[in-house]
Amino acid sequence: MSETMLDVEGLKAWYGAAQILHDVSFTVGRGEVVALMGRNGAGKTTTMKALMGLVTRRGAVRFNNADVAALRPFEIARLGLGFTPEDRRIFSELTVMENLDIGRQPPRRFPDGQPAPVWTPQRLFELFPNLGEMPNRPGGRMSGGEQQMLTVARTLMGNPLMVLLDEPSEGVAPLIVEQMANTIIELKKEGLSILLSEQNIHFARLVSDRVYVLEKGEIHWQGTMAELSGNLDIQRAYLTV
Ligand code: ATP
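As the structure is a prediction and not an experimental result, all values here were calculated from the model. (Residues numbered from 1 in each chain as written. Predicted model: local features only at pLDDT ≥ 70, side-chain atom pairs only at ≥ 80, totals over all residues. Heavy atoms only, no water.)

Undergrad: What is the right way to read the pairing of strand β2 (residues 18-29) from this model?
TA: The side chains of a regular strand alternate between both faces of the sheet. Of the pairings in the sheet, the one linking strand β1 (residues 4-15) to β2 comprises eight bridges and is antiparallel in character. Its bridge partner being in β2, Ala13 is matched across the sheet by Leu21. Counting the residues between successive antiparallel strands, the hairpin from β1 to β2 contains two residues, one of them, Gly16, with a positive phi of roughly 60 degrees. (Pairing = 2+ DSSP bridges. Helix = DSSP H or I, 4+ residues; strand = E, 2+ residues; numbered from the N terminus.)

Undergrad: How should I be thinking about the side chain of Gln199 in this particular structure?
TA: Structurally, Gln199 can be placed in the loop between β8 (193-198) and α8 (201-207). By relative accessible area, which is 14% here, Gln199 ends up buried. At 3.1 Å, the side chain of Gln199 forms a polar contact with the side chain of Asn40. Apart from the residues lying within four places of it in its own chain, the contact partners of Gln199 are Met37, Gly38, Arg39, Asn40, Lys44, Glu167, Leu239 and Thr240. (Buried < 20%, exposed > 50% of the residue type's maximum accessible area, 1.4 Å probe, protein only. Polar contact = N/O pair within 3.5 Å; in protein donor to acceptor, adjacent residues only side chain to side chain. Contact = heavy atoms within 4.5 Å.)

Undergrad: What am I meant to see in the sheet that holds strand β4 (residues 56-63) here?
TA: Working definition: the strands of a sheet are paired by backbone hydrogen bonds and lie parallel or antiparallel to each other. The four strands are arranged β2-β1-β4-β5 in an open sheet whose pairing can be described as antiparallel. Strands at the two margins of the open sheet, each flanked by one partner only, are β2 and β5 (66-67). Both β4 and β5 contribute to a ladder of two bridges, which runs antiparallel. Within the sheet, the bridge partner assigned to Phe63 lies in β5 and is Ala66. Relative to β1, helix α1 (residues 44-52) is tilted by about 110 degrees, and along the sheet it contacts β1, β2 and β4. (Axes fitted to C-alpha atoms, helices over the stretch in contact; angles between N-to-C directions.)

Undergrad: It is not clear to me how the packing of aromatic side chains should be interpreted in this structure. Could you clarify?
TA: The way to describe two aromatic rings as a pair is by their centre distance and the angle between their planes. The full count for this structure, using the stated rule, is one aromatic pair. An angle of 50 degrees between the planes, with centres 5.6 Å apart, marks the rings of Phe26 and Tyr212 as tilted. Here the residue Phe26 occupies a position in strand β2, and Tyr212 occupies one in strand β9 (residues 210-215), the gap between them amounting to 186 residues. Here the two residues Phe26 and Tyr212 agree in accessibility, since each one is buried. We note Arg30 situated over the ring of Phe110; from NZ or CZ to the ring centre the distance is 4.1 Å. Residue placement shows Arg123 over the ring face of Trp119; its charged tip is 4.1 Å from the ring centre. (Phe/Tyr/Trp six-rings, centres within 6.5 Å; stacked < 30°, edge-to-face > 60°. Lys NZ or Arg CZ within 6 Å of the ring centre and 35° of its normal.)

Undergrad: I tried to follow the pattern of salt bridges on my own but got confused; where do I start?
TA: Scanning the entire structure with this criterion turns up 10 salt bridges. The closest approach of N and O atoms between Glu3 and Arg30, which form a salt bridge, is 3.3 Å. Linking Glu3 in the segment before β1 with Arg30 in the loop between β2 and β3 (33-37), this pair joins segments that are 27 residues apart in sequence. Asp233 is the salt-bridge partner of Arg236, the closest N and O atoms lying 3.8 Å from each other. With a gap of three residues between them, Arg236 and Asp233 both fall in helix α10 (residues 232-238), about one helical turn apart. Arg236 sits in the exposed class, given a relative accessible area of 53%. The network of salt bridges with common partners includes Glu3, Arg30 and Asp112. (Salt bridge = Lys/Arg side-chain N within 4 Å of Asp/Glu carboxyl O.)

Undergrad: In this structure, what is going on with the pairing of β9? I would like to understand it.
TA: Most of β9 is tucked away: six of the six residues are buried. Residues Arg210, Tyr212 and Leu214 point to one face of β9 and Val211, Val213 and Glu215 to the other, with burial holding for every one of them. In this structure, β3 lies alongside β9, joined through four bridges in parallel fashion. Counterpart to Met37 in the pairing with β9 is Val213. Inspection of the sheet shows β9 paired to strand β10 (residues 218-224) by six bridges, in the antiparallel sense. When the bridges of β10 are listed, Val213 appears paired with Trp221.

Structure below.
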């Protein structure tokens, strides 16, 4: 097993008085792609928000050997945990280049001293050629899929060690879904760790090493992607198939 980048133990989260996450525990190894799967409302987005400190939460969260359970969102981001939210949060008045500039952060190193990948707009345009064709287009005049790519690219501008990707395949055209899968595979090759939220097994299967299945804010199953692919009972019980 590789070294652990993210170690979550007994995570609980609330919106106001409503408890949404009950006792969520999982790990993501360095260079590993882990999928958090479950239907609408299972708690995938809430788990990511809780990791980033964006909702009221309790439990132990260690990222890259640092205790981040009580840190504020910008402090967690500065340690190298990137987050691409489901609702994208593109600045619609700003151009592609200006959106990318907003994500810029200093280069980082992995715990063993190896440099983490350093991203520039140029490198990102190699990863996302569509964006390279429209550097001056305002975010608001891009398709949903292009905005999704821009959200991922902006997160990478922060030179993260790990990225939380909230439903990157949702509501985008099949061609873009394929590009998104290739991007995740490239990021893994660069040594990044990825936690992916996904309700559909077809996308998760292309990129994930391991899977945790969430339902009603609790983990109900965990295993390798190959094990999940062969387990129709779990797929029918908890996923959109
Ligand atoms: P989706 O695919 O719809 O994003 P999800 O697995 O990410 O599903 P969450 O968005 O984490 O699920 O939602 C988990 C539960 O929390 C749901 O019951 C949802 O109704 C509730 N919830 C989400 N956001 C809020 C909020 N701002 N206030 C109150 N309850 C919320």
